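The primary structure of each chain is shown beneath.
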Amino acid sequence: MKLLSILLLIIFCYCFVNIVYGIKQVHISLGTDETEMIVTWIKPNKHYYHSRFNASVYYGKSKTSLNQTVKAKSKYFKDGKTRYTTFRALMTKLKPGTKYYYRIKLDSKKSSLFKFKTMKNDENFLPRFAIYGDLGYRNAKSIPYLKKDVHKNLIDVIFHIGDFAYDLNSKHGRIGHKFMKLIEPIASKVPYMTCPGNHERHDNFSHYDSRFSMIGDRSQPIHSDPIHKRLNNHYHSMTIGPATIIMFSTEYYYYTKYGWQQIEHQYRWLEQELKLANENRQKHPWIIVMGHRPFYCVKVVDRSCDNQTMERKEIRQGIRMYEKGERQYGLEDLFFKYGVDIQFYGHEHFYARFFPIYKRKMYNGTKSNNPYDHPGAPIHITTGSAGSVKSHPVFHQSDDWVTKYLEDYGYTRLMFEDKYHIRLQQISINQHGKVMDEIEILKSTPEPHWMNVVHQ
Ligand SMILES: [Fe+2]
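Residues numbered from 1 in each chain as written. Predicted model: local features only at pLDDT ≥ 70, side-chain atom pairs only at ≥ 80, totals over all residues. Heavy atoms only, no water.

A.B. asks: Before we go on, may I ask you to explain the state of the cysteines in this structure?
C.D. replies: Disulfides are covalent bonds that connect the sulfur atoms of two cysteines. Taken as a whole and judged by the stated rule, the model has 1 disulfide. Each sulfur of the disulfide joining Cys297 and Cys305 lies 2.1 Å from the other. Between Cys297 and Cys305 the sulfur-sulfur dihedral comes to about 80°; the bridge is accordingly right-handed. The burial state of Cys297 is the same as that of Cys305; both residues are buried. (Disulfide = S-S within 2.5 Å. Buried < 20%, exposed > 50% of the residue type's maximum accessible area, 1.4 Å probe, protein only.)

Structure below.
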């Protein structure tokens, strides 16, 4: 009897230790190309001198044969009472379009077995994305539906375009830990790609930077650098199937207390990436950008929105670097010039689908009554309703820019039907996963219609 009690106590202690100190917050993000994937996870630990770990990721094509190994790099994070270690491991030599299994080993502990599928690298790959902003821990309405989509293999990549957890740094990082555990069932299976929002501003976005791993040099990779030196969680680009996707920071324009030079650096980088994307346009005809705050606002009472013109002048037209100076580094002209087809934003806690728009003027489609059939200007979508803590803001529209508006919680699905045909759906959580808006975006040349017109 005594022996049984001791045995039960040992089992209880083992389970307790694994629950409290187990390997959690596991998520993946895209590596340099289809042959790589990054695994990131966090271990809360109070003292730096306790942070020397032996951490590895074992991976392979079969559950029973994890025959490839990579050592993880660890980095200690400290901001006041928030202290943890971030682990990052770059899995390499993966076969494109293939299912992989992986398990993390941290000292003597092992994680559960996770799986993911690499992106295909052939021209016929038609990826499917989930895109949303503004998803918190306490009111994470979209999570059960995203879990279902991932489980049914309906999503290849998730894009979370700013505002996480509310907030990652809250309660000494405990809200961040809870949020990362909450997304683990989806983010450990499909790449979880990110850019920052205003809720990540604390301590110069350091909590956000320490939790995600976006490769910042994909177009000119420096493979010899360690993974943590190659990261840029604020702006980065990737090619997936027929698309080049560029994620960037709108927040540089609003938190200049952290410096001004990053506005210029990002702008120069964006121009370079857009030039490159246009050189590769035969293979990847679509250019899609994603940031947090929309150029055009339809939300009343937001300090960054000009309530007279309903726009965010700093990002759309440019920011004045000194009083009475010219506006510089505006992004609308840049995105138009280089033929950005679609722009996704969050921040405003609803879904708003705009008519194709440039310089506050709406454009029709040029082939049919569908405004998105060979559109005359970029398409803007605001999708910030995944699950914020705040109630939906008041919607205000003075110029009929928005052709579809939804207050329901939800997220956007983007699906390539073929190389030149995109289907976009808005999923409503209030309506139990029903598709509440659907459009088709079409073109027939690598460049969008307006670039061809300009070039003629
Ligand atoms: Fe926001």
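That shown, we press on.
A.B. asks: Teacher, can you tell me more about the sheet that holds strand 2 (residues 37-44) here?
C.D. replies: Taken in spatial order, the 4 strands line up as 1-2-6-5 in an open sheet, and their pairing is antiparallel. Each having just a single partner strand, strand 1 (24-30) and strand 5 (73-79) make up the two edges of the open sheet. Each neighbouring strand pair of the sheet contributes to a mean axis angle of 25°, computed without reference to strand direction. Summarising the sheet, strand 5 and strand 6 (residues 82-91) pair through 7 bridges and their orientation is antiparallel. Residue pairing for strand 6: Lys75 is matched across the bridge by Thr86. Strands in contact with helix 3 (residues 174-187) are strand 1, strand 2 and strand 6; relative to strand 1, the strand with the most contacts, it is inclined by about 55°. The sheet contacts of helix 4 (residues 202-211) involve strand 1, strand 2, strand 5 and strand 6, and relative to strand 6 the element is tilted by about 45°. (Pairing = 2+ DSSP bridges. Helix = DSSP H or I, 4+ residues; strand = E, 2+ residues; numbered from the N terminus. Axes fitted to C-alpha atoms, helices over the stretch in contact; angles between N-to-C directions. Contact = heavy atoms within 4.5 Å.)

A.B. asks: Just to check I follow, could you spell out the packing of aromatic side chains for this structure?
C.D. replies: When we look at a pair of aromatic rings, we describe it by the centre distance and by the angle of the planes. Applying the stated rule across the entire model yields 27 aromatic pairs. With a centroid separation of 5.5 Å and 75° between ring planes, the pair formed by Phe248 and Phe335 is classed as edge-to-face. Of this pair, Phe248 sits in the loop between strand 16 (243-247) and helix 5 (261-279) while Phe335 sits in helix 7 (residues 332-337); the two residues are 87 residues apart in sequence, bridging distant segments of the chain. Taken as a pair, Phe248 and Phe335 share a single burial class, namely buried. Centroid distance Phe248 to Tyr345: 6.4 Å. Interplanar angle 90°. Geometry classified as edge-to-face. (Phe/Tyr/Trp six-rings, centres within 6.5 Å; stacked < 30°, edge-to-face > 60°.)

A.B. asks: Whenever I open this one, the sheet that holds strand 16 confuses me. Can you help?
C.D. replies: Sheet strands pair by backbone hydrogen bonding; their relative direction is either parallel or antiparallel. The strand order across the open sheet built from 7 strands is 15-16-17-20-24-21-25, with neighbouring strands paired in mixed fashion. Taken across any chain shown, the strands that pair with only one partner, and hence form the sheet edges, are strand 15 (236-240) and strand 25 (402-406). On average, each strand axis in the sheet is tilted by 15° relative to the strand beside it, whichever way the strands run. On top of the sheet, helix 5 reaches strand 15, strand 16 and strand 17 (286-290); it is set at about 175° to strand 16, its chief contact.

A.B. asks: Is there a simple way to think about the coordination of the iron ion in this case?
C.D. replies: Geometry reference: four tetrahedral donors at a metal, ideal angle 109.5 degrees. Six octahedral donors, ideal angles 90 or 180 degrees. Taken together, Asp163 (OD), Asn198 (OD1), His292 (NE2) and His347 (ND1) make up the protein donors of the iron ion, found 2.1 to 2.2 Å from the metal. For the iron ion, the 4 donor atoms in the first shell make angles of 88 to 164° at the metal, so the coordination geometry reads as irregular. The motif formed by the donor residues of the iron ion, counted along the single chain, is D-x34-N-x93-H-x54-H. Placement of the pair is Asp163 in the loop between strand 12 (157-161) and strand 13 (164-165) and Asn198 in the loop between strand 14 (192-195) and helix 4, with a sequence separation of 35 residues. Residue Asp163 shares its accessibility class with Asn198, and that shared class is buried. (Donors = N, O, S within 2.8 Å, 3.2 Å for Na, K, Ca; no water. Tetrahedral: all angles 85-135°; square planar, octahedral: opposite > 155°, others 65-115°.)

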